[in-house]
Amino acid sequence: MLLSNETPYQEYIHMIDTIASALLQARLDGRQIDCAPLPTMENEAYAIQQAIIEASDDTVSGIKIGASNAKTQTILGLNQPFFGPMFSRDTLIFKDTKHDLQAPLVAAYPVKVETEFVIGLKSTLTGSAGDISMSQVMNAIDWIAPGLELIGSRINNLPEKPGLCAIADGGGNHSVIVGKPERSWKTRDWQTQLTALSINGKQVRSGHSGDSIAGSPIGMLHWLLNFDRFAGKQIAAGQFIFCGTCTIPVMLQAGDQLHADFGELGELRVACTG
């Protein structure tokens, strides 16, 4: 634990800022570091995450929700989902889905990919533990789009259950890819939207939009806004939310060709570069 009865508060803040600075620089440099001390409590992990946001000269493009289903929570050693920032320099947006988009990987650490659904907002929402209604959420949504999240850790000395490290390390986010927005989203059933991921012409994963503790991407956004640790935080109009994985993460290599099929929502074709 970073903060104990014997640790002066200013020393604790200094440790938080030191870890955050090292993780932010590792993100910018595309490398891993040995992180010490590792967070052992959620409040420490979120404090490091917030310090990274405050120290960065980049803007936050949106929020990711991680560990959105029970299986992932077990792997990470968590008992609930978590959230993290997505930065503008790490956000890739399809301008033309008829052509491949290039997604750069880093050689210093493994990068995996997940298919996800993305919600864009037309009005600002503020977290308020237990007080946000589903109608408030629905009224704030502008569009829903297919997306891919590339995940990777800047921390080299991860423990067996790395959930707290993922929270601290900006949600374990490497980059995100946002597809074409669907503005007629109210006409669709967001519990049953299918998705399939192929790499180099071979299907490797399949899933659907209902694979989460909330049963839909919209439900996960509703969960986030009522999550006590998100109370007082804002998701601004124009920002977006990655609502949790629909497929088990799969490892990527430079040169891989990704094809994510979201049915009627469209397809994403991505070329992974070194």
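Here, the structure is the one placed above.
Source: prediction; values computed, not measured.

S.K.: Help me out: how do you make sense of the pairing of strand β5 (residues 112-121) in this one?
M.R.: Two faces, one strand: in a regular strand the side chains alternate between the faces of the sheet. Judged by how many residues are buried, β5 sits mostly within the fold: 9 of 10 residues are covered. One ladder, built from 10 bridges, connects β5 with strand β7 (residues 141-151); its direction is antiparallel. Within the sheet, the bridge partner assigned to Glu116 lies in β7 and is Gly147. Here β5 runs beside strand β13 (residues 250-251); their pairing, made up of 2 bridges, is antiparallel. Of the residues in β13, the one forming a bridge with Lys112 is Met251. As defined by bridge partners, β5 adjoins strand β12 (residues 240-245) across 4 bridges and the pair is classed as antiparallel. Paired with Ile119 across the bridge in β12 is Ile241.

S.K.: Can you help me understand the pattern of salt bridges in this one?
M.R.: It is possible for side chains bearing opposite charge to pair when their charged atoms get close. What the rule picks out here adds up to 11 salt bridges. Residues Asp142 and Arg183 are paired through a salt bridge, measuring 3.0 Å at the closest nitrogen-oxygen approach. Pair noted here: Asp142 is in strand β7 and Arg183 is in the loop between β8 (173-178) and β9 (194-199), with a separation of 41 residues, a long-range link. Across the salt bridge formed by Glu267 and Arg269, the nearest N and O atoms sit 3.4 Å from each other. Residue class for Glu267 comes out partly exposed when judged on its relative accessible area of 34%. For Arg269, a relative accessible area of 34% gives the class partly exposed. Each member of the salt-bridge network shares a partner with another, and the members are Asp57, Asp58 and Arg89.

Reading the values: the criteria
- Residues numbered from 1 in each chain as written.
- Predicted model: local features only at pLDDT ≥ 70, side-chain atom pairs only at ≥ 80, totals over all residues.
- Heavy atoms only, no water.
- Buried < 20%, exposed > 50% of the residue type's maximum accessible area, 1.4 Å probe, protein only.
- Helix = DSSP H or I, 4+ residues; strand = E, 2+ residues; numbered from the N terminus.
- Pairing = 2+ DSSP bridges.
- Salt bridge = Lys/Arg side-chain N within 4 Å of Asp/Glu carboxyl O.

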